[in-house]
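An overview of the molecular structure
The residues making up each chain are set out below.
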Amino acid sequence: MREFKVVGIAQLAICRAPEQLACLGLGSCVAVILYDPVLKIAGIVHVLLPKAPAKYEAEEKYADTGTKKLARELVARGAAKERLVAKLVGGAQMFSNLNLAISDIGRGNCTEAKKTLRELGIRVVAEDVEGTRGRSAYLNAETGKVIVETAFSPTRTI
Amino acid sequence: MTDSSRGRVIDVITEFANIGAGSAATALSSLLDVELMNDATTCEILPLAKVSDYLGGAKQVVAGTYTYLCGDLRSGVLVVLPSDSAVALLEHLTKEKVQLSALNNIQLSALKEVGNICLCWYLIAVSKMIDVDMIPAPPDATVDLLGAVLDIPLASVGAKVDTVIAVHTSFKAIDRQFEGYFLMLPEESTLKLIMSRMGEPRQ
């Protein structure tokens, strides 16, 4: 595998072919991936929580504001909004026996990201979300393909 | 917070976690009949994105047990074992061959219970020291990528802040290959309570 840039929690990154981006160890976090197949420009935002509160600093931390910011940044770099397609990875429930409201936040992250994408008019073309296992996602800006690795199951490409 | 008072907070929290980790390691020692040694506790203030790097990288496979304190003192607490140590622990306890990719119910339950015992001893020690009741949520365990294991703990404290306080104490066996670490992620609002109970003047 070629060199890739790691996108950590509450971070956003954009790359052009032939660069690659990666999110390592996604649990309940979701990697929202947007791709313009004509310009071969793509971006990832690694969100931790679903909805931004009234007062917040990091837009990249929340599924709603993070997804919007990613779309905005791609358009600012020349991508056409109507060509953008989305892929989602992550949103697992890591601790299913934990008796806390936050334990199923992965599902909330996915729902909020999808809702925001619908509002923006961006289609979700592929996803590998929810379940109970962590994932790593590797994005190739040349093809828009995302390789999804887990700790124990075989690798998938979406 | 000024730099010098922040330094003081770090010193006090480090001492606080040292006591907890010492008690937890003693419990684990007698449970496993292994002599364990604690390393010095370190306390770092890190952006959310850097926590897994600080702990050795998001991609490593670990066994993590997590609980969250939801009383006056609010904090996440974790026990983390690298995959080979988790296998060694489970094989020692269950006397059978263990494959982390396919743990059966008994093995997963054993892992959770060991984590539970460590967390309890950690909390008993710190709770006695500062005379505050600790109310932990029932713990849960999982074996997965470190980054994935940390997501829920970080989401719990990261809801309000963009940096977290990671208090880390590693332990290892003296005579065999077995190691791991305790990790405390206190909420910033809770630090004042710990400081005042540890005899520090009000900030």
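Further up the page is the structure itself.
What comes next is a walk through the structure. Computed from a predicted model, the values in this text were never measured in an experiment. (Residues numbered from 1 in each chain as written. Chains lettered and ligands numbered in written order. Predicted model: local features only at pLDDT ≥ 70, side-chain atom pairs only at ≥ 80, totals over all residues. Heavy atoms only, no water.)

Concerning the overall build of chain B
Helix and strand content of chain B: six helices and seven strands. Each helix and strand of chain B, ordered N terminal to C terminal, gives the series α-β-β-α-β-β-α-α-β-α-β-β-α. By the compact-globule yardstick of 17 Å for 203 residues, chain B fits well, its C-alpha radius of gyration being 17 Å. For chain B, the proportion of its 203 residues judged to be buried stands at 56%. The contacts in chain B between residues at least 6 apart in sequence include a share of 73% that link residues at least 24 apart. Of the roughly 8,600 Å² of accessible surface on chain B, a fraction of 52% belongs to carbon and sulfur atoms. (Helix = DSSP H or I, 4+ residues; strand = E, 2+ residues; numbered from the N terminus. Rg over C-alpha atoms; globule rule 2.2 N^0.38 Å. Buried < 20%, exposed > 50% of the residue type's maximum accessible area, 1.4 Å probe, protein only. Contact = heavy atoms within 4.5 Å. Areas by Shrake-Rupley, 256 points an atom, 1.4 Å probe, with all protein chains shown as cover.)

Description of the sheet that holds strand β9 (residues 146-150) of chain A
Residues and elements named next belong to chain A. The strand order across the open sheet built from five strands is β1-β3-β8-β9-β10, with neighbouring strands paired in mixed fashion. Of all strands in the sheet, those bounded by a partner on one side alone are β1 (5-6) and β10 (156-157). Sheet topology places strand β3 (residues 20-26) next to strand β8 (residues 135-140); five bridges connect them, and they run antiparallel. Looking across to β8, one finds that cysteine 23 is bridged to alanine 137. (Pairing = 2+ DSSP bridges.)

Details of unusual backbone geometry
Residues and elements named next belong to chain A. Here the amide bond leading from alanine 17 into proline 18 is cis, since omega sits at 5°, within 30 degrees of zero. In this structure, lysine 40 takes a positive phi of about 55° despite not being glycine. Tracing the sequence through the fold places lysine 40 in the loop between β4 (30-36) and β5 (41-47). Residue classification places lysine 40 among the partly exposed residues on the basis of a relative accessible area of 30%.

Examining the pattern of salt bridges
Applying the stated criterion across every chain yields a total of 18 salt bridges over all chains. The salt bridge partner of B:Asp162 is A:Lys61, with a shortest N-O separation of 2.7 Å. One end of the pair, B:Asp162, is in the loop between α5 (146-158) and β6 (163-173); the other, A:Lys61, is in the loop between β5 and α1 (63-76), on a second chain. You can call B:Asp162 partly exposed: its relative accessible area is 27%. What makes A:Lys61 buried here is its relative accessible area of 1%. Measuring nitrogen to oxygen at the nearest pair gives 3.2 Å for the salt bridge that ties B:Asp144 to A:Arg133. (Salt bridge = Lys/Arg side-chain N within 4 Å of Asp/Glu carboxyl O.)

Comments concerning the packing of aromatic side chains
Scanning all chains against the criterion turns up six aromatic pairs over all chains. Plain terms: the ring middles of A:Phe95 and B:Tyr66 are 5.5 Å apart, the flat faces sit at 40° to each other, and that makes the pair tilted. Of the two residues, A:Phe95 sits in the loop between β6 (85-90) and α2 (105-120) while B:Tyr66 sits in strand β3 (residues 61-70), which places them in two different chains. Considering the side-chain rings of B:Phe171 and B:Phe182, the 4.9 Å spacing of their centres and the 40° angle between planes classify their relative orientation as tilted. Linking B:Phe171 in strand β6 with B:Phe182 in strand β7 (residues 179-186), this pair joins segments that are eleven residues apart in sequence. Members of the aromatic cluster, connected to one another through ring pairs, are B:Tyr122, B:Phe171, B:Phe178 and B:Phe182. (Phe/Tyr/Trp six-rings, centres within 6.5 Å; stacked < 30°, edge-to-face > 60°.)

Section: the packing of helix α3 (residues 83-94) of chain B against helix α4 (residues 105-130) of chain B
Residues and elements named next belong to chain B. Running from N to C, α3 and α4 cross one another at 105°; their axes reach a closest spacing of 10 Å. Compared by their axis directions, α3 and α4 come out roughly perpendicular. Only Gln107, Ala110, Leu111 and Val114 of α4 make contact with α3, whose side of the interface consists of Leu89, Leu90, Leu93 and Thr94. Class assignment for the residues of the contact of α3 with α4 results in six nonpolar, two polar and no charged. (Axes fitted to C-alpha atoms, helices over the stretch in contact; angles between N-to-C directions. Parallel < 35°, antiparallel > 145°, perpendicular 65-115°, else oblique. Nonpolar A, V, L, I, M, F, W, Y, C, P; charged D, E, K, R; others polar.)

Remarks on the state of the cysteines
Residues and elements named next belong to chain B. Scanning all chains against the criterion turns up zero disulfides over all chains. Here cysteine 70 is not disulfide-linked; the sulfur of cysteine 120 is the nearest cysteine sulfur, at 13 Å. The exposure class of cysteine 70 is partly exposed, given its relative accessible area of 34%. (Disulfide = S-S within 2.5 Å.)

What about the environment of B:Ala88?
Relative to the elements of secondary structure, B:Ala88 occurs in helix α3. For the pair B:Ala88 and B:Gln177, spaced 89 residues apart in sequence, the C-alpha separation works out to 8.3 Å.

Here we look at the environment of A:Arg107
Residues and elements named next belong to chain A. Within the secondary structure layout, arginine 107 lies in helix α2. Here the alpha-carbon distance between arginine 107 and glutamate 130, two residues 23 residues apart in the chain, equals 6.2 Å. Those residues in contact with arginine 107 that lie beyond four places of it in its chain are Gly91 and Glu130. Within the local environment of arginine 107, its side chain forms a polar contact with the side chain of glutamate 130, the two groups lying 3.3 Å apart. (Polar contact = N/O pair within 3.5 Å; in protein donor to acceptor, adjacent residues only side chain to side chain.)

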